[in-house]
Amino acid sequence: MACKAALSRWLLLLFWCAHLLLRSCSSEIDRSQFPPSFLFGTSTSAYQIEGGYLEGKKGLSNWDVYTHKQGTIEDGSNGDIAADHYHRYMEDIELMHSLGVNSYRFSIAWTRILPRGRFGDINPDGVAFYNQIIDALLQKGIQPFVTIFHYDIPHELEERYGGWLSLAIQKDFGYFAEVCFKMFGDRVKFWVTMNQPNLLAKFAYMDGWFPPSRCSKPFGNCAFGNSSTEPYIAAHNMILSHANAVSIYRNNYQKKQGGYIGISVGARWYEPLRNTTIDLLAVERAISFNVPWFLDPIILGDYPPEMHEILGPNLPVFTLKQRKKLLSSVERDGVLIGKETGARFFYDVPRGMEEVVMYYKQRYNNTAIYITENGYAQASNSSMSANDFTGDTGRIDYVSGYLKFLASAIRKGADVRGYFVWSLLDDFEWTSGFTDRFGLYHVDFKTQKRTPKLSAEWYRKFLKGSLLTREFQNGSQPQQYTS
């Protein structure tokens, strides 16, 4: 049994819920190939860019604690300062405005708003910080597209009851979400409950790479954890927490605030190595443990049958009441395909964008989709300078190729409503630290100077409406980009 896995940096958001993407070379792409109301933006997350980890009465998050432990991050770095967005957000919003984006996806740090979860008070300094960002975006004509949870949870909740492994997290997450709706929902019209929970369940509770670093052999060698059961327990609580937040929003805020809410799920695409029944079935199993792990319960009311068959009693069960609430919310082995990027396991396979979008269009009755992350990595080390990164023709090839196939999916009837490049800035890339750079703007993490890369100019011209054939001015010589 074998399948080919096409990987990339992406994330997909589906309103009534979420999905994914991929790419190949594009001869020409134009803004007019997308609907006039289409959202084009950039993405970031709080821990990866904000810094200021002890400022403004913020509490400690799981990542604040984890990154200070020796050996957890590839280059020994942390997000204490990151891209210093906490002090430079106005400068960064000016960068977005100069690009011409009409939306910006960012996350709210749980511990800035509720330093101790529901066991403490709402932090007015944190509320004021995000109010300033939201108001500044709107003044520039940029729609806030807000993720409530992007991997950073109050450390106190891990200490009190084990975080996502406990039913208690559903109450905490619901409370946090409602505080966000109350404080910001009059201006925020696009909400994402959580970011890539399917990846978090795997990385934190199966492989042990992310905090709380729980796993068991043969998946990893952690001090605590059970890789056969805990990923599915954590995922179950995430799914029910999403449903609870959606219910709170729909019942109490959506009518008067007029917004939308969904979930973002990270995705891989799989293809059969051979056109045989055994390989085709292997692909279906692999897919089932990816996006459908979360979206089947949210949209269809239960986990995929392949998961039930393989996991048996290790897979949690939804009660009838939970299924009703969900429906109202609306293989490890493989051969990697595509061109390598600067990050391990991220490959460039543009045609997959269309294939994946069309697959989930059919599986979930064309539920609306927003591509909430799609980005290209450049490998980095401390001896390199901005000049090593600003001529990022590979990123231009990558983004233009994915957009070409996304436009094709839209022409074929897929209800795709937005696309966000990951990322606006080079940032702290979780356990990779600063060794991967995804930004349209280079960040010198010693001086915090922002320098536009060639891709920033490409994106600006694309959004301005220019017909682009990936032909750019490089010094005095025109450069033709091919893939």
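Note: the structure precedes this text.
Residues numbered from 1 in each chain as written. Predicted model: local features only at pLDDT ≥ 70, side-chain atom pairs only at ≥ 80, totals over all residues. Heavy atoms only, no water.

Enquirer: I'd like a description of the overall build of the protein, backed by residues and values.
Expert: Regarding its fold elements, the protein presents 17 helices and 20 strands. Looking at the protein as a whole, 61% of its 483 residues qualify as buried. When the accessible surface of the protein is split by element, carbon and sulfur atoms take 51% of a total near 18400 Å². (Helix = DSSP H or I, 4+ residues; strand = E, 2+ residues; numbered from the N terminus. Buried < 20%, exposed > 50% of the residue type's maximum accessible area, 1.4 Å probe, protein only. Areas by Shrake-Rupley, 256 points an atom, 1.4 Å probe, with all protein chains shown as cover.)

Enquirer: Explain the nonpolar core to me, and be specific about the residues and the numbers.
Expert: The biggest cluster of nonpolar side chains holds 131 residues, and the ones touching the most others in it are W164, L406, Y419 and Y459. Of all the elements, helix α9 (residues 230-252) adds the most residues to this core, at 11 residues. Membership of the second largest hydrophobic core comes to 6 residues, among which are L39, F145, F190 and F420. (Core = buried A, V, L, I, M, F, W, Y, C linked by side-chain atoms within 4.5 Å.)

Enquirer: Can you explain unusual backbone geometry? Please cite residues and give values.
Expert: A cis geometry characterises the amide bond from P211 onward to P212, with omega recorded as 10°. Positionally, P212 belongs in the loop between α8 (197-205) and α9. Of note, K57 is a non-glycine position whose phi angle comes to about 65°, a positive value. Structurally, K57 is set in the loop between α1 (46-49) and α2 (62-66). Positioned with a positive phi, N365 is a non-glycine residue whose angle comes to about 55°. Along the chain, N365 falls in the loop between α15 (351-363) and β13 (368-375).

Enquirer: Go over the pattern of salt bridges, please, and point to the residues and values.
Expert: Close approach of charged atoms allows side chains with opposite charge to pair. The final tally for this structure, using the stated rule, is 26 salt bridges. Salt-bridge contacts for R460 lead to E457; the nearest nitrogen and oxygen are separated by 2.5 Å. Here R460 pairs with E457, and both are found in helix α17 (residues 454-464), just 3 residues apart, close to one helical turn. For R460, a relative accessible area of 27% puts it in the partly exposed group. Each of D84, R88 and E91 takes part in salt bridges that share partners, so that together they form one network. (Salt bridge = Lys/Arg side-chain N within 4 Å of Asp/Glu carboxyl O.)

Enquirer: Could you give an account of the packing of aromatic side chains, with specific residues and numbers?
Expert: Using the criterion set out here, one finds 47 aromatic pairs in the structure. Here W458 and F462 contribute two aromatic rings whose centre-to-centre distance is 5.5 Å and whose plane-to-plane angle is 0°, an arrangement assigned as stacked. Of this pair, W458 and F462 are both found in helix α17, 4 residues apart, which corresponds to roughly one turn of the helix. Classification of W458 by relative accessible area gives buried; the value is 1%. Look at F462 and you get buried, because its relative accessible area is 0%. Among the aromatic residues, ring-to-ring pairing joins Y47, W63, Y66, Y151, F203, W209, F210, F428, W430, F434 and F445 into one connected group. (Phe/Tyr/Trp six-rings, centres within 6.5 Å; stacked < 30°, edge-to-face > 60°.)

Enquirer: An account of α9 is requested, with residue identities and associated values reported.
Expert: Its 23 residues give α9 an end-to-end C-alpha distance of 33 Å, which sits within 8% of 33 Å, the value for a rise of 1.5 Å per residue. Taken across its 23 residues, α9 has 18 buried, putting it largely inside the fold. (Expected span 1.5 Å × (residues − 1).)

Enquirer: Describe the environment of V416, and please don't skip the residues or the numbers.
Expert: Secondary-structure assignment places V416 in strand β15 (residues 416-422). Judged by its relative accessible area of 4%, V416 falls in the buried class. Considering only alpha carbons, one finds V416 and T367, 49 residues apart in sequence, at a separation of 8.7 Å. Sequence-distant contacts of V416, that is, excluding residues within four places in its chain, are made with F38, V357, I369, I371, L406 and I410. (Contact = heavy atoms within 4.5 Å.)

Enquirer: Describe the side chain of E354, and please don't skip the residues or the numbers.
Expert: By secondary structure assignment, the location of E354 is in helix α15. The exposure class assigned to E354 is buried, which follows from its relative accessible area of 11%. Once residues within four sequence positions are removed from consideration, E354 is found in contact with F405, S408, A409 and K412.

Enquirer: I'd love a proper account of the pairing of strand β7 (residues 190-195), names of residues and values included.
Expert: Most of β7 sits inside the fold, with 6 of its 6 residues counted as buried. In the sheet, strand β6 (residues 143-149) pairs with β7 via 4 bridges, with the strands oriented parallel. Paired with T147 across the bridge in β7 is V192. Pairing geometry for β7 and strand β8 (residues 260-265), over 4 bridges, is parallel. Residue pairing in the sheet places V192 in a bridge with G262 of β8. (Pairing = 2+ DSSP bridges.)

Enquirer: Any details on a nonpolar patch on the surface? Residues and values, ideally.
Expert: A cluster of nonpolar side chains, namely I122, Y175 and M183, defines an oily patch on the protein surface of about 220 Å² accessible area. Along the polypeptide, Y175 turns up in helix α7 (residues 168-184). (Patch = residues over 30% accessible without salt bridge, like charges linked within 9 Å, V, L, I, M, F, W, Y side chains within 5 Å.)

Enquirer: Account for helix α12 (residues 291-300), naming residues and giving values.
Expert: The buried count for α12 comes to 9 of 10 residues, which makes it a mostly enclosed element. For α12, the complete set of buried residues consists of V291, P292, W293, F294, L295, D296, P297, I298 and I299.

Enquirer: Now, about the state of the cysteines: what can you tell me, with residues and values included?
Expert: Here the structure, examined in full by the defined rule, presents 1 disulfide. Here C215 is linked by a disulfide to C222, with a sulfur-sulfur distance of 1.9 Å. A torsion of 100° about the S-S bond marks the disulfide between C215 and C222 as right-handed. Judged by its relative accessible area of 2%, C215 is buried. (Disulfide = S-S within 2.5 Å.)

Enquirer: I'd like a description of the environment of F190, backed by residues and values.
Expert: In this fold, F190 is placed in strand β7. Accessibility expressed as a relative area gives 10% for F190, which makes it buried.

Enquirer: I'd like a rundown of the side chain of D172, residues and numbers included.
Expert: Its location among the elements puts D172 in helix α7. Judged by relative accessible area, which is 1%, D172 ranks as buried. The residues contacting D172, other than those within four sequence positions of it, are W110, G117, R118, F119, L157 and Y161.

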